[in-house]
Amino acid sequence: MAHSADVFFVDGVRTPFGRAGEKGMFWNTRADDLVVKAMTGLLERNPSLPTDRIDDVAIAATTQTGDQGLTLGRTAALLAGLPKSVPGFSIDRMCAGAMTSVSMMAASIGFGAYDVAIAGGVEHMGRHPMGSGVDPNPRFLAERLVSEDALVMGATAERIHDRFPQLTKERSDRFALGSQQKVAAAYAAGKIQQDLVPVAIRSESGWGLATRDEAPRPETTMEGLAGLKTPFRPHGRVTAGNASGLNDGATAALLASGDAVKELGLQKKMRLVSFAFVGVEPEIMGIGPVPSTEKALRKAGLSITDIGLFELNEAFAVQVLSFLDHFGIDDDDPRVNPWGGAIAIGHPLASSGVRLMNQLARHFEERPDVRYGLTAMCIGLGQGGTVIWENPHHKKFGKA
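A short tour of the structure in this document, coming up. Model, not experiment: these values are computed from the prediction.

Considerations on the overall build of the protein
In terms of regular secondary structure, the protein is built from 12 helices and 12 strands. Relative to its length of 400 residues, the protein is compact, with a C-alpha radius of gyration of 20 Å against a globular reference of 21 Å. Across the 400 residues of the protein, 58% fall into the buried class. Expressed as a percentage of contacts within the protein between residues at least 6 apart in sequence, the contacts between residues at least 24 apart total 78%. Element-wise, carbon and sulfur atoms account for 53% of the exposed surface of the protein, whose accessible area totals about 16200 Å². A gap of 2 Å separates the mean positions of the 41 positive and 45 negative side-chain charges of the protein.

Take a look at the structure:
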């Protein structure tokens, strides 16, 4: 009979995130090669794991076509040199692809069906722009199931500004500036590099090596942000400066049961406490993490005051601010995204969930005083996702 097992986040890595498009560093790199690189980097860091003990590989991508198609989890497993006995599959939950890969693999481990699994995601938004090749059902608009805005993420962010007048453009810009500054400081302190897997890249000038994120703009100023265009509506509030950009990148994480961690000598970076996904009105998808966090807290028997660290995906500054306002957290609370976030680093849709987890796991190592942390993100078409984690370095870890 299967039983409920402890699930641990053993390790996580990612490629540097590139800017999407012809000028981006990964323009000539295949999407599947990016995720294979992340997976091989992950396995090299965990040499005590016999690869035939991996029970499954779940890899997410939002636009599952071309070099992001063909059941990525299986093809990536084969390309990464895993034994042919290791199965794999692909997942699509738009921005929360990797988060869903982790939660589904974790649930399989918790149920007792799996001992060890790899979960990750990739998005090459240069080769596969969001929505390319899709054919939305005409009933969506004909029957007014959603407004036209629902399929344009920037327009949904403008609607959050509409709904909450206290969420001003100035607050969004200030939050975005803070994100840029925190990422620059984290790079300067060598924090972010520790989980990056270098990737060989090819451009007109020849071969090179991608070793850091391409999108951050440490020179950002409030004046510069104030002058940016508002592409989603005239005199709007959402700009390229207070939103995440279009990016290419991949992530991979190793998950294992408590028993497998002991048996195989693996590390315990975080223990899964609970997770939740919810749906909200697609037109204001950015508020999704509010109800998903309330649900995950309820499932865990915790309250928001128990959470000592937050890794929130900065799809749009206004989206994070709506979460902070709801829970009564200051815009510049030091518990929130201590090393900055997607506004500076980038958001290659389906890969971002594991980036949040990598950073939270590193914070846990440095902060044994913090017992619980969470990773959360808004999800296209009106959803939110939250995962709550426990810090194994905390003195009460493992105690009721």
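Examining the environment of M270
Looking at the secondary structure, you find M270 in strand β9 (residues 270-279). Note on M270: relative accessible area 0%, which makes it buried. Between the C-alpha atom of M270 and that of V7, which follows or precedes it by 263 residues, the distance is 8.6 Å.

Here we look at helix α1 (residues 31-45)
With 15 residues, α1 should cover 21 Å at 1.5 Å per step; its first-to-last C-alpha distance of 22 Å lies within 8% of that length. Restricting attention to buried positions, one finds in α1 the residues A31, D32, L34, V35, V36, A38, M39, G41, L42 and L43. Against β1 (7-14), β3 (56-60), α2 (72-79), β5 (116-124), β6 (199-203) and β8 (247-257) lie the buried residues of α1.

Examining unusual backbone geometry
In this structure, M94 is a non-glycine residue whose phi angle is positive, near 45°. Mapped onto the secondary structure, M94 falls in the loop between β4 (88-91) and α3 (97-111). Notably, L381 is not glycine yet its phi reads approximately 65°, a positive angle. With respect to the secondary-structure elements, L381 resides in the loop between β11 (372-379) and β12 (383-390). What makes L381 partly exposed here is its relative accessible area of 43%.

Topic: the packing of aromatic side chains
A complete count under the given rule lists five aromatic pairs for this structure. Note on F8 and F397: the rings are 6.2 Å apart at their centroids and 55° apart in plane angle, and the pair reads as tilted. With F8 in strand β1 and F397 in the segment after β12, this pair connects stretches of sequence that are 389 residues apart. We note that F8, like F397, is buried. Residues F310 and F323 carry aromatic rings whose centres are separated by 6.2 Å and whose planes lie at 75° to one another, so their mutual orientation is edge-to-face. Taken together, the residues span a long stretch of sequence, with F310 in strand β10 (residues 307-312) and F323 in helix α10 (residues 317-326) at a distance of 13 residues. For the pair F310 and F323, one class covers both residues: buried. The structure contains a cluster of three or more aromatic residues connected by ring pairs, namely F310, F323 and F327. A cation sits over an aromatic face here: R14 above F17, 4.4 Å from the ring centre. It is R212 that lies over the ring of Y187; its NZ or CZ is 4.2 Å from the centre.

Notes on the packing of α1 against α2
Where α1 contacts α2, the two axes come as close as 9 Å, and the packing angle between them is 60°. With respect to α2, the element α1 is oriented oblique. Where α1 crosses over α2, the two elements pack in a sense that is right-handed. Contacts from D32, V35, V36 and M39 of α1 reach α2 at L72, A76, A77 and L79.

Side note on the nonpolar core
Residues F310, L312, F316, L324 and W389 are the most contacted members of the largest nonpolar core, which totals 77 residues. With sequence-adjacent residues up to four places away left out, L312 is seen in contact with V320, F323, L324, V336, N337, L356, L374 and A376.

Let's talk about the pattern of salt bridges
Throughout the structure, instances matching the rule amount to 26 salt bridges. The partner of D195 in a salt bridge is R45, and the shortest N-O contact between them spans 2.9 Å. Of the two residues, D195 sits in the loop between α6 (169-188) and β6 while R45 sits in helix α1, which places them 150 residues apart along the sequence. Take D195: its relative accessible area is 6%, and that puts it in the buried class. It is possible to trace a salt-bridge network through shared partners that takes in D11, R45, D195, K269, R362 and E365.

Definitions and limits used
Residues numbered from 1 in each chain as written. Predicted model: local features only at pLDDT ≥ 70, side-chain atom pairs only at ≥ 80, totals over all residues. Heavy atoms only, no water. Helix = DSSP H or I, 4+ residues; strand = E, 2+ residues; numbered from the N terminus. Rg over C-alpha atoms; globule rule 2.2 N^0.38 Å. Buried < 20%, exposed > 50% of the residue type's maximum accessible area, 1.4 Å probe, protein only. Contact = heavy atoms within 4.5 Å. Areas by Shrake-Rupley, 256 points an atom, 1.4 Å probe, with all protein chains shown as cover. Lys, Arg positive; Asp, Glu negative; His and termini not counted. Charge placed at Lys NZ, Arg CZ, Asp CG, Glu CD. Expected span 1.5 Å × (residues − 1). Phe/Tyr/Trp six-rings, centres within 6.5 Å; stacked < 30°, edge-to-face > 60°. Lys NZ or Arg CZ within 6 Å of the ring centre and 35° of its normal. Axes fitted to C-alpha atoms, helices over the stretch in contact; angles between N-to-C directions. Parallel < 35°, antiparallel > 145°, perpendicular 65-115°, else oblique. Left-handed = near helix turned anticlockwise from the far one by under 90°. Core = buried A, V, L, I, M, F, W, Y, C linked by side-chain atoms within 4.5 Å. Salt bridge = Lys/Arg side-chain N within 4 Å of Asp/Glu carboxyl O.

None of the figures reported here should be taken as evidence of function without further support.
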